[in-house]
Amino acid sequence: MARRAVALVTAVAVVAASCAVGWHQAKQLELGALAPRQQVEVWSGGTARRWHAVRVGPDSISGIPFFKPTTCDSCRIVVPRAAVDSLRLGDPIEGFWKTFALVLGTFALALIYACRRGCGGDY
């Protein structure tokens, strides 16, 4: 029984981590500034950077590291567009609700399973 519990907890952790921010591929980015709190994951040279306050220029993309304030212009990092392998946009609100539903659903299923296995009516 302990192995099943460990497997269940591991599976829930993996699935919950994959839902965290609701990442999706950016289609075509327009030139200019994105919403200040829009999370963007910029992949370049095998390294991912998570930014916000992102500005898209004709030949570069710049942003502020996600854990810095959006007003920290001295923190801004610039990467040439030619060096960017891919971009993903994150939606933290959507990711929160997906994770919440997953955890709640998993708990409900575990509770139903436990009641069916343990509630035999021997009171």
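Refer to the preceding data block for the structure.
Below is a summary of the structure that appears in this document. (Residues numbered from 1 in each chain as written. Predicted model: local features only at pLDDT ≥ 70, side-chain atom pairs only at ≥ 80, totals over all residues. Heavy atoms only, no water.)

Helix and strand counts for the protein come out as two helices and seven strands. Taken from N to C terminus, the helices and strands of the protein fall in the order α-β-β-β-β-β-β-β-α. Once local pairs closer than 6 in sequence are excluded, the contacts in the protein between residues at least 24 apart make up 49%. Split by element, the accessible area of the protein, about 8500 Å² in all, is 64% carbon and sulfur. (Helix = DSSP H or I, 4+ residues; strand = E, 2+ residues; numbered from the N terminus. Contact = heavy atoms within 4.5 Å. Areas by Shrake-Rupley, 256 points an atom, 1.4 Å probe, with all protein chains shown as cover.)

Here the structure, examined in full by the defined rule, presents one aromatic pair. Between the aromatic rings of Phe66 and Phe67, the centroid separation amounts to 5.3 Å while the plane-to-plane angle is 80°, which identifies the pairing as edge-to-face. Over the aromatic face of Phe66 sits the side chain of Arg50, whose NZ or CZ is 5.7 Å from the ring centroid. (Phe/Tyr/Trp six-rings, centres within 6.5 Å; stacked < 30°, edge-to-face > 60°. Lys NZ or Arg CZ within 6 Å of the ring centre and 35° of its normal.)

Our focus in this paragraph is the state of the cysteines. Taken as a whole and judged by the stated rule, the model has one disulfide. Residue Cys72 pairs covalently with Cys75 via a disulfide, S to S 1.9 Å. Measuring the twist about the S-S bond at about 60°, one finds the Cys72-Cys75 disulfide to be right-handed. (Disulfide = S-S within 2.5 Å.)

Attention now goes to the pattern of salt bridges. Counted according to the given criterion, the structure contains three salt bridges. Linking Arg88 and Glu41 is a salt bridge whose minimum nitrogen-to-oxygen distance equals 2.6 Å. Separated by 47 residues along the polypeptide, Arg88 in strand 7 (residues 86–90) and Glu41 in strand 3 (residues 39–44) bring together distant segments of the chain. Of the residues examined, Arg88 reaches a relative accessible area of 26% and is grouped as partly exposed. In this structure, the salt-bridge partner of Asp73 is Arg76, at a minimum N-O distance of 3.6 Å. Classification of Asp73 by relative accessible area gives partly exposed; the value is 47%. The structure contains a network of salt bridges with shared partners spanning Arg55, Asp73 and Arg76. (Salt bridge = Lys/Arg side-chain N within 4 Å of Asp/Glu carboxyl O. Buried < 20%, exposed > 50% of the residue type's maximum accessible area, 1.4 Å probe, protein only.)

This brings us to unusual backbone geometry. If you check the backbone angles, Ala53 has positive phi at about 50° while not being a glycine. Checked against the element boundaries, Ala53 lands in strand 4 (residues 47–56). Its relative accessible area of 10% is what places Ala53 among the buried residues.

Right, let's get into the nonpolar core. Core analysis: the largest hydrophobic core is formed by 12 residues, namely Ala26, Leu29, Val40, Val42, Trp51, Val54, Val56, Ile61, Val79, Val84, Leu87 and Leu89. For this core, the secondary-structure elements that each account for two or more residues are strand 3, strand 4 and strand 7. A total of three residues in this core trace back to one element, the largest contributor, which is strand 4. When near neighbours in sequence (up to four residues on either side) are disregarded, Ile61 contacts Trp51, Val54, Arg55, Val56, Ile77, Val78, Val79, Arg81, Val84 and Leu87. (Core = buried A, V, L, I, M, F, W, Y, C linked by side-chain atoms within 4.5 Å.)

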